[in-house]
Amino acid sequence: MDTRDMHPLDPSEKNDRTVLSLAPCASTLLLRSSRSLTNYGGLRFAYKISWLHRESEALLTGVNYLSWYGPKAHFVVSEPKLVKEILNNKDRAYPKGDIPAYFRLLLGNGVTTSEGEKWTKHRKLSTYAFNTENLKGMIPAMISSVEMLLERWKQYEGREIEVYQEFRLLTSEVISRTAFGSSYLEGKNIFDMLTKLSLIINRNIYKLRLPGISKFWRTEDEIESEKLVKGIHHSVMEIIKKREEKVKNGETDGFGNDFLGVLVNAYRDPDEKKRISIDDLVDECKTFYIAGQESTNSLLSWTILVLAIHSDWQEEARKEVFKTFGQQKPNLDGIAKLRIVSMIINETLRLYPPVLGLIRKVETDVQIGQLTLPANINLYIANMALHHDPQIWGEDVHLFKPERFSEGVAKATNNNPAAFFPFGLGPRTCVGLNFATTEAKITLSMILQKYLFTLSPTYIHSPYESVTLCPRNGVQSANIEALDIVAYREFN
Ligand code: HEM
């Protein structure tokens, strides 16, 4: 098959475990046996059921339907009007959904999982740490991290390279340096433990456990995850202590303006209302280690995949990068002007959104549109379904066509914010949006300045969800070729 026509979600390796089908417009419950689970987030455990709750019947209309995660009903929403109503709601009628216990081990009670006053306080701290002014100061660290990556790549010239693993190192280095003032090596222990914990979560997230049974009998995974949580707590505490000692020893006169500094300042705040607890501090660090790394790793890997396949767009992007920066390092002004690169990133985020769906919950019985939603039902907002809806994007919805975004996101979506929201929508929109897109643009620019790349014939397409949307078999670029700058300049 010509990879240019490859269906973004249809794996080339078809078997029971990897079949990934998309059914955004299901109007009835879906039949899925446990052997043919789809990897498409919300549909994972959708079983056909012959009985329906009276209220639930009202829910089964149009593009919204009910599905079950074990014993828990989820109402899957992919109708733009409802999506907007739910995500933009400011009265907290749709708080974050029930977070499965295993997931809580990963994120704790940080900004992504908290609600109410606590969320407001933590959101303010993280928004401040990643504001435009602070972001400017992070650019040199992002550039040096990419330089390290390019230095490593010299040994692969003319050979194949596994970019998914390479970007794992890069994104870990970037978040370690910018948010925690340390390096990947210092944070390595934490990343390794978080990765192991994510694997355990993947294995267990939808497994049923009898309530209370853990008090008498714990599985190996439960014992291991408890150890990992303690280990992560300990390692994060070490990083915090180091920062505090620097101030004590007079090496610096404050805790700093990076994310860790902002959190330690809040922990030491004399005003009780503004203060955060040590557990909150650790949870927030865990959240940002994981959120700052996994999602950008996913975005960069899928972008290299599409550019390796679509060499015409790779070339368009390279021309723009040289026009903007020449052979110089990227800078903030230039980054803001990268139109083609932005179009490519948006189209990649449309086809391969790192976060596949958002979970919310109905606080009390509510009537939205023509639907009656019962209290406590979880809502699964399927952004992936909207990004792949032919009614919104046209019959060529599955093709990589960055030109959709040539006149901006508003034009591409016909002013419908619920058609494209890879970073979420409403008050809980991603805190790291600008950070992630800046990191991605810097990385892509610096790679394009140096290398030409194609896709390896050994690549097997199999997107799957593991916290974020990942390439199951990695992404292998073939024959990365150092760009002959002089020849390139003469030719262009
Ligand atoms: C391509 C990269 C990224 C994507 C696609 C992405 C996507 C998202 C999405 C969809 C949400 C909303 C979740 C919801 O409403 O339930 C979100 C929230 C969040 N993201 Fe990101 N994210 C990315 C990068 C980052 C980075 C780099 C950071 C940190 C440096 C970050 C930190 C957060 C935090 C803290 C929240 C929770 C916000 C809240 O609940 O108030 N994200 N992200």
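Bear in mind that the values here come from a model prediction, so they are computed numbers and not experimental data. (Residues numbered from 1 in each chain as written. Predicted model: local features only at pLDDT ≥ 70, side-chain atom pairs only at ≥ 80, totals over all residues. Heavy atoms only, no water.)

Colleague: Go over the overall build of the chain, please, and point to the residues and values.
Modeller: Counting secondary structure elements, the chain contains 18 helices and eleven strands. In the chain, which comprises 492 residues, the share counted as buried stands at 53%. The long-range fraction of contacts in the chain, counting pairs at least 24 apart against all pairs at least 6 apart in sequence, stands at 71%. Taken as a whole, the chain presents about 22500 Å² of accessible surface, with 53% of it coming from carbon and sulfur. (Helix = DSSP H or I, 4+ residues; strand = E, 2+ residues; numbered from the N terminus. Buried < 20%, exposed > 50% of the residue type's maximum accessible area, 1.4 Å probe, protein only. Contact = heavy atoms within 4.5 Å. Areas by Shrake-Rupley, 256 points an atom, 1.4 Å probe, with all protein chains shown as cover.)

Colleague: Describe the confidence of the model for the chain, and please don't skip the residues or the numbers.
Modeller: Taken over all residues, the pLDDT of the chain has a mean of 83, while the share at 70 or more is 86%. Across the chain, helix H13 (residues 339-351) holds the top mean pLDDT of 98, while helix H1 (residues 54-59) sits lowest at 36. In this model residues 13-61 is a low-confidence stretch, pLDDT under 50, and it forms 114 contacts with partners more than four residues away in sequence or in other chains. (pLDDT = per-residue confidence, 0-100.)

Colleague: Explain the site of the ligand to me, and be specific about the residues and the numbers.
Modeller: Taken together, 26 residues lie around the ligand, and Trp119, Arg123, Arg360, Arg428 and Cys430 are the ones closest in. Within the side chain of Trp119, one N or O atom sits 2.7 Å away from an oxygen atom of the ligand. Within the side chain of Arg360, an N or O atom sits 2.7 Å from an oxygen atom of the ligand. By residue number, the principal contributor to the shell around the ligand is helix H10 (residues 278-309), which donates six residues. Residue composition of the shell around the ligand, by class: 16 nonpolar, six polar and four charged. (Near = heavy atom within 4 Å. Polar contact = N/O pair within 3.5 Å; in protein donor to acceptor, adjacent residues only side chain to side chain. Nonpolar A, V, L, I, M, F, W, Y, C, P; charged D, E, K, R; others polar.)

Colleague: Please set out the packing of helix H6 (residues 163-180) against helix H7 (residues 184-204) residue by residue, giving values where relevant.
Modeller: Relative to each other, H6 and H7 sit at 120 degrees, their axes nearing to 10 Å. Considering the relative orientation of H6 and H7, their crossing is right-handed. In this structure, H6 uses Arg168, Leu169, Ser172, Glu173, Ile175 and Ser176 to contact H7, whose residues at the interface are Tyr184, Phe191 and Thr195. By residue class, the composition of the contact of H6 with H7 is four nonpolar, three polar and two charged. (Axes fitted to C-alpha atoms, helices over the stretch in contact; angles between N-to-C directions. Left-handed = near helix turned anticlockwise from the far one by under 90°.)

Colleague: Give me the lowdown on the pattern of salt bridges, citing residues and values where you can.
Modeller: What the rule picks out here adds up to 21 salt bridges. Close ionic contact of Glu147 with Lys329 constitutes a salt bridge, the shortest N to O distance being 3.5 Å. Of this pair, Glu147 sits in helix H5 (residues 132-153) while Lys329 is found in the loop between helix H11 (311-325) and helix H12 (332-337), placing the two residues 182 residues apart along the sequence. With its nearest N and O atoms 2.9 Å apart, the salt bridge here joins Arg404 to Glu347. With a gap of 57 residues between them, Arg404 in the loop between helix H15 (390-393) and helix H16 (408-412) and Glu347 in helix H13 connect regions that are remote in the sequence. (Salt bridge = Lys/Arg side-chain N within 4 Å of Asp/Glu carboxyl O.)

Colleague: Please set out unusual backbone geometry residue by residue, giving values where relevant.
Modeller: You will see that Asn414, though not glycine, has its phi angle at about 55 degrees, which is positive. Along the polypeptide, Asn414 turns up in the loop between H16 and helix H17 (433-450). Positive phi values are uncommon outside glycine, yet Val467 reaches one of about 65 degrees. Relative to the helices and strands, Val467 is located in the loop between strand E9 (463-466) and strand E10 (468-471). In this structure Val467 comes out as partly exposed when scored by relative accessible area, which is 24%.

Colleague: I'd love a proper account of the UniProt feature "binding site: heme" (unreviewed entry) in the chain, names of residues and values included.
Modeller: With numbering aligned to this structure, UniProt lists the feature "binding site: heme" (unreviewed entry) at Cys430. Within the secondary structure layout, Cys430 lies in the loop between H16 and H17. (UniProt positions renumbered as here; feature names shortened; annotations may be inferred.)

Colleague: Please provide a residue-by-residue account of the pairing of E9, values included.
Modeller: Here four bridges tie E9 to E10, and the two strands are oriented antiparallel to one another. Considered in E10, the bridge of Pro463 is made with Pro471. Here E9 folds back onto E10, and the loop between the two strands holds one residue, one of which, Val467, carries a positive phi near 65 degrees. (Pairing = 2+ DSSP bridges.)

Colleague: Give me the lowdown on the pairing of strand E7 (residues 378-381), citing residues and values where you can.
Modeller: In E7, alternate side chains face the same way, and those of Asn378 and Tyr380 on one face and Leu379 and Ile381 on the other are all buried. Relative to E7, strand E2 (residues 72-77) runs parallel, the two being bridged by four bridges. When the sheet's bridge partners are listed, Val76 is paired in E7 with Tyr380. In this structure, strand E4 (residues 358-361) lies alongside E7, joined through four bridges in antiparallel fashion.

Colleague: Kindly report on the packing of H5 against H17, identifying the contributing residues and their values.
Modeller: Here H5 crosses H17 at 40 degrees, and the two axes come no closer than 10 Å. Relative to H17, the element H5 lies oblique. Here H5 and H17 pass one another in a crossing that is right-handed. The segment H5 lies against H17, with Leu135, Met138, Ile139, Met142, Ile143, Val146, Glu147, Leu149, Leu150 and Trp153 engaging Asn434, Phe435, Thr438, Glu439, Ile442, Thr443, Met446, Ile447 and Lys450. Looking at the contact of H5 with H17 residue by residue, the classes come out as 13 nonpolar, three polar and three charged. (Parallel < 35°, antiparallel > 145°, perpendicular 65-115°, else oblique.)

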